[in-house]
Number of protein chains: 4
Amino acid sequence: MCRWLAYSGSPVRLDELLYRPANSLVLQSKHARLGAETTNGDGFGVGWYGNVPTPGLFLSTEPAWNDRNLREIAAQLESGHVFAHIRASTGSAVQKTNCHPFRHGRWLWMHNGLIAGFPAVRRELTLAVDPLLFPEIQGSTDSEILFYLAVTFGLEADPVAAVARTVGLVEEVGRRHSVVNPIQMTVATTDGETTWAFRYSSEARSRSLFHSVDLSTLRHQYPDNPALHVLSDDARLVVSEPLGDLRGAWREVPESTCIVVHGGREELRPFTPVAPATAAADGVR
Amino acid sequence: MCRWLAYSGSPVRLDELLYRPANSLVLQSKHARLGAETTNGDGFGVGWYGNVPTPGLFLSTEPAWNDRNLREIAAQLESGHVFAHIRASTGSAVQKTNCHPFRHGRWLWMHNGLIAGFPAVRRELTLAVDPLLFPEIQGSTDSEILFYLAVTFGLEADPVAAVARTVGLVEEVGRRHSVVNPIQMTVATTDGETTWAFRYSSEARSRSLFHSVDLSTLRHQYPDNPALHVLSDDARLVVSEPLGDLRGAWREVPESTCIVVHGGREELRPFTPVAPATAAADGVR
Amino acid sequence: MCRWLAYSGSPVRLDELLYRPANSLVLQSKHARLGAETTNGDGFGVGWYGNVPTPGLFLSTEPAWNDRNLREIAAQLESGHVFAHIRASTGSAVQKTNCHPFRHGRWLWMHNGLIAGFPAVRRELTLAVDPLLFPEIQGSTDSEILFYLAVTFGLEADPVAAVARTVGLVEEVGRRHSVVNPIQMTVATTDGETTWAFRYSSEARSRSLFHSVDLSTLRHQYPDNPALHVLSDDARLVVSEPLGDLRGAWREVPESTCIVVHGGREELRPFTPVAPATAAADGVR
Amino acid sequence: MCRWLAYSGSPVRLDELLYRPANSLVLQSKHARLGAETTNGDGFGVGWYGNVPTPGLFLSTEPAWNDRNLREIAAQLESGHVFAHIRASTGSAVQKTNCHPFRHGRWLWMHNGLIAGFPAVRRELTLAVDPLLFPEIQGSTDSEILFYLAVTFGLEADPVAAVARTVGLVEEVGRRHSVVNPIQMTVATTDGETTWAFRYSSEARSRSLFHSVDLSTLRHQYPDNPALHVLSDDARLVVSEPLGDLRGAWREVPESTCIVVHGGREELRPFTPVAPATAAADGVR
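Here the structure is a predicted model, which means the values were calculated and not measured.

> How should unusual backbone geometry be read in this particular structure?
In terms of backbone geometry, most residues other than glycine have negative phi values and most peptide bonds are trans. Here the amide bond leading from C:His100 into C:Pro101 is cis, since omega sits at -5 degrees, within 30 degrees of zero. Mapping C:Pro101 onto the fold places it in the loop between strand S4 (78-86) and strand S5 (102-104). Of note, the phi angle at A:Ser256 is positive, near 50 degrees, even though the residue is not glycine. Considering the arrangement of structural elements, one finds A:Ser256 in the loop between strand S11 (250-252) and strand S12 (257-262).

> It is not clear to me how the relation of the copies chain D and chain C should be interpreted in this structure. Could you clarify?
What relates the pair of chain copies is a rotation about an axis plus a shift along that axis. Superposing chain D onto chain C takes a rotation of 180 degrees combined with a translation of 0.0 Å along the rotation axis, leaving an RMSD of 0.0 Å. These values place the two chain copies in the arrangement generated by a two-fold rotation axis. Within chain D, D:Glu62 has its C-alpha nearest the rotation axis, a separation of 3.5 Å. A shared interface surface links the copies, since 100% of the contact residues of chain D are contact residues in chain C too.

> What am I meant to see in the nonpolar core here?
Nonpolar side chains in soluble globular proteins tend to be buried together. A:Leu18, B:Leu18, C:Leu18 and D:Leu18 are the most contacted members of the largest nonpolar core, which totals 132 residues. Contact partners of C:Leu18, with chain neighbours within four places excluded, come to C:Ser24, C:Leu25, C:Val26, C:Val46, C:Leu70, C:Ala74 and C:Ala84.

> What is the right way to read helix H5 (residues 142-152) of chain A from this model?
In an α-helix there are 3.6 residues to a turn, and that puts residues three or four apart on one side. Residues and elements named next belong to chain A. For H5, a buried count of eleven out of eleven residues is recorded, marking the element as mostly surrounded by other parts of the structure. Among all positions of H5, only Asp142, Ser143, Glu144, Ile145, Leu146, Phe147, Tyr148, Leu149, Ala150, Val151 and Thr152 are buried. Of the surrounding elements, those touching the buried residues of H5 are strand S5 (102-104), strand S6 (107-115), helix H4 (118-128), helix H6 (159-176) and strand S7 (183-190). Gly154, located one to two residues past H5, shows a positive phi value of around 100 degrees.

> Help me understand the pairing of strand S8 (residues 194-201) of chain D in this model?
Each regular strand displays side chains that alternate between the two surfaces of the sheet. All names here are of chain D. Burial runs high along S8: eight of the eight residues are buried. Both faces of S8 are covered, namely the face carrying Thr194, Trp196, Phe198 and Tyr200 and the face carrying Thr195, Ala197, Arg199 and Ser201. Note that strand S7 (residues 183-190) and S8 share seven bridges and pair antiparallel. Directly across from Thr186, in S8, lies its bridge partner Arg199. Where S7 folds back on S8, the antiparallel hairpin that results is connected by three residues, among which Gly192 adopts a positive phi of roughly 95 degrees.

Cut-offs applied
Residues numbered from 1 in each chain as written. Chains lettered and ligands numbered in written order. Predicted model: local features only at pLDDT ≥ 70, side-chain atom pairs only at ≥ 80, totals over all residues. Heavy atoms only, no water. Helix = DSSP H or I, 4+ residues; strand = E, 2+ residues; numbered from the N terminus. Least-squares fit on C-alpha atoms with pLDDT ≥ 70 in both. Contact = heavy atoms within 4.5 Å. Core = buried A, V, L, I, M, F, W, Y, C linked by side-chain atoms within 4.5 Å. Buried < 20%, exposed > 50% of the residue type's maximum accessible area, 1.4 Å probe, protein only. Pairing = 2+ DSSP bridges.

Structure representation (C-alpha cells):
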C-alpha cells in the first residue's frame, strides 16, 4: 500500500503541501491512518512543474520522514502542479527506479495498489508495451508497466480511454492466469495542466481516494483558519487520505470513478475498463 | 525508541535470531508491540563474534525490513554471541556512525532510550570522555557518548561500576541543566563472553526488558515445539520485547536492575547510579 | 568498464583477496590500471560459497573503496570460492539489482563489457529469455539479460555451449539492428565447484583477462614472499587485471578463449559463438 | 582532496554551472585534472540562495557523477549565488553530515584541504568552539570544526579576521602537537551577498584556486562563444580548477591570499593567520 497526493492551483511552496498539514504525507509515511499498511517507508518521490517543459523529479529510497534533502528542497521550491508519493513495496526492490511518480515527456504517473499475481503476468504485460517505449522501462514494478501500457494505449491523446484499455488488458491477462481480482488501484496522471485520477479495483473494494472541495466555501465556513488562506480559489488536492480533520473539506471519490481536475473545476465520471476484445471490435488501434 | 536483542549460546545462524521468531527483531522494525514508537526504521546494526578477535559489525541506514544484504548475511553467518539493534532516531542524523552496536576493541554496546536534553548537556558529557578515546567518537548520538563515558569509567575492568558512574554523571550534569529526568535506558554491553544488560531510568519507568528462561525447562513443557530444539541449553536472549508468545518463555527484568549472562547462567542485581561526588569520595579514579 | 575477480582454492578470508594485494580489487575501484575507465565506483558485489547450498551475496551501490560493511564482512568471512565485481556503469542505473554477481540457484555470473546498442536490442533479447525465468529478472542491465539467456540455453548442463549460444544470439540480433560489434565481454560463471571464464568480443579486441599460475612453482621461485604462503596449492585466481607485479605470477588469457578452473587445474579452450541458425540446424533445443 | 565552485551573478540554472562546462564540477568528481587525487567520489553538496532567507542545501553521499536527483534539481533550480563541492574524504566517514557546504543561519562554508594530524588536535579544537554553537556540530570532519571556529571568532561580523584567527589557532594547536604543517586549505564562505575565498597552507604550497575574469572583456575577445552569453557582466566564479580551457578566462589566486567577490567586483588581499597570543594581545575577544 502506498499513499499519494496530487496538487494543482496557484504556486505554493512544497513544504506547505508535504509537511504543514496535520496528517501530512510525510507523516503518513510513518503512520498512515486509512491504509491496510501503516508504514510507507520504502522510498518516496515528488514530481513538480517549474519553468522548464519537463517536470522535475526527486526520488529517494529513504523513508520520507527521514530525508533531509526532501525537507530542504520542499522549503525552496514553489510549484502550481505537484505529485507526491510515498511507497510501501509489495515485493519489488526498494530502488529509485521503482519510486513514483514515473515520467514520460511532460507526463507523470503514480499508483497505489497492485497488479495481483504480477510475477505470473509480468512478461505478457511487458510485451504489450509499445516496443518504442520498452527502452524507457527502468524499474521492476507493476506500477511502471501500468504506466507504459497506458502510454501505449494513447494516454497523451485520451487519458481516460487509455487507462480503461490498460485496466481491461490487465484484467483479461490476469483472469487468463487464474488471478481472481487482477487489479487494485488508485492512479493519478497529469500533463502538467489537467489531472486525471482513477479509483478502481476488480473486486470493487478500492483503496481510499478523496478530493478537496472548493476553498471559497470552506473559507466562508472557517474564516479564522489560516491554512485556508495560503491556497488560491482554484487549488485542488486529490489524495489517498485527507490531510486534516476539517469537517466538510474532503469528499470521497466513489468506487469505479475517474475525477478530472482542471483550473479549479473537478468532474467525476464513472470509470469502466475496456476489455481487449471490445477494444478490437471497436476498431481501436 | 529502539529495540535490541542480545544472544549468547551455541553458534546459531543469524537468521534464526533475526527473521525466524514470530515477533522477530526485523518484524519489530516495522511494527513493534511494546514501544511508544511502533516504527524502528532509522537504520539498524548487527555485531557478532566469529573467528577473529574483533567482533564484526554490519550497520545500515536502511530500515531492517528492507535490507537484502542483512538477509543474505544472516543466512550465511553463524555466531555464538550476537548483538542486534533497530533504531528509531530521537533526532540525530540517520547515518551509519549513529547505528548501534558501537564497538571499542572487543567490546560492543547498544542502547534503547535517550539522554534527555542532550543538546544542552552534550558538550559537557563529551568533555568528560577520556581524551585518548575522543578520536574514536564518530557519530552524534547520546548513545555513543554514553558508551565512551562507560569506557572512560572502566567498562573493561568492571562494567557494572563503570555504567553506574556513567549514569551518575549523566544525572548530575542533567540536573545541573534543569533536566527533570536525565536518562532513560536499557543498555547491553559485552566482551564476547559475558553480557551485561541494564534497565534503568531516572523516573523509574524504564523501557521494557526481558530475558529468556532456561531452555531445558521450556523443552520439557513444550516437547513438540521445534524452535526450542535449535538452541543449546545455555542459550540466552536478553531482548527489548519477547520474540514470541510462548507462555513462560520470557521474564521481565525488573526496574533498576542489571542482568549478567554468562555460560547459560543469568544473575540479576539491583542497579544504582553512582554520583560523581560519591565516586570522588570513594577515591575512584 | 568493470573489473572482477574469481577465486577458488582452500578457504581464505575475504580481505586477503579484496584488500591485501598490492593492486587489490578495492584499490582498482578507484584507480584501475588496465581499463579504458580508471574509476569503477558505481557499486560492487561479492558472492561467496559457505555452509549453506545457496551462495551469499553482498551488493552495494557505494564505491567499494568507501564501504565499511564490505571491510567488516571481508574481515570475518572465509570461503573457498569467491566472486567479486566492481562496477563502472555504461548507462544503466546504480542500484543493487544492477550489481554483479547475479545469482540463479547455486550459480553466480559476472561480466565486464557490454552489449552494444543495448536499448535497441534489449526487448528482443529479453523475449528470448525462458518465460519461467522472466520473473527472476530484477535489474535493467545487459549483463543480467546475458546471464538469463545463458541459463535459458542450458548453463547448468553445459556452460560453454550455453554461453556460445548466448553470444551467438546477441551477435545475430545486434547485426540485425545494424550494431557493428554487438558484444564485448569477459564473463565468469560458477556452480561453486568449477569456474568457467570467457574472454571474447565481436571485434576480437577484448577486455583484459588473466589467470594465476600454479602456486608451488611461484613459491619455489620466491621462497621469501609471505603472500604466497597464505594460499593452498590448488588456489587459482581469474582476474580482469593482475593483483600485483610479481613476475611470472600471471598469464594473460588469449582472445576468444574459455578457461575452466577446477581443483587447482586450469584448462584453456578456444571459444566460438554459435549462431542461432547453426544451433537450430544442430537440433539443439 | 576536494574540488569546489562558488558562483555569484545573475540567476542561472544550476546545470549551467554544474554540468555544462567542458571541465564541469560533476566531471571533476570522476576525473579532476589538477588535484593530487583524481577521484572526488565521496559525496557532494550544493548550497543555493533562493526566495527564502535560509539558503537551500542538497547533500548526498553518492558520487556526483551518478546522482540523478542532482541532475533533476540542477535542471529546475535557478540561483544567483551557488556553492558546490565534491568530496574526497581524507579519512572521515562518507555521510551527509560530513558533506560541504556547511550552513549556519544565512552563511555557507566549504573547504578543500585538511587539518593535519586531526585526530590528535580534534578535541582541543572542538573545545575552542563557542559552547552555544557546539550543538550545531553534526559531523566528524575537520572542515566543519574549522567553520564553527570561524563562526566563534566572528565570521558574521568580519570574515577575514575570523578566518585569520581560526587558522592561527589551528597552526598554534597543531605545532604544540608537533604537527609540521598544520593546515592546508582553500576555503569559501558567503552570506549570500559577498563571497570570501581563501588560499592558504602552512607550507605555502596550497591547493589550486582560480577566479574568472570580467566577462565583458572575454566576450569581446570571443564574440562567437555562446557560453559567454548566458552569464551576466557581474557573474564571477571562484573555483578549485578552471571549468574550461578558454585562454584568458581564469586567473590563479596567489598563495596566502583572500579574494572578496561582491557585485561583479573582486578584490585580492594578502592573507596572514593571526596567532592566539597576538589576538589576545590585541584585546580581541
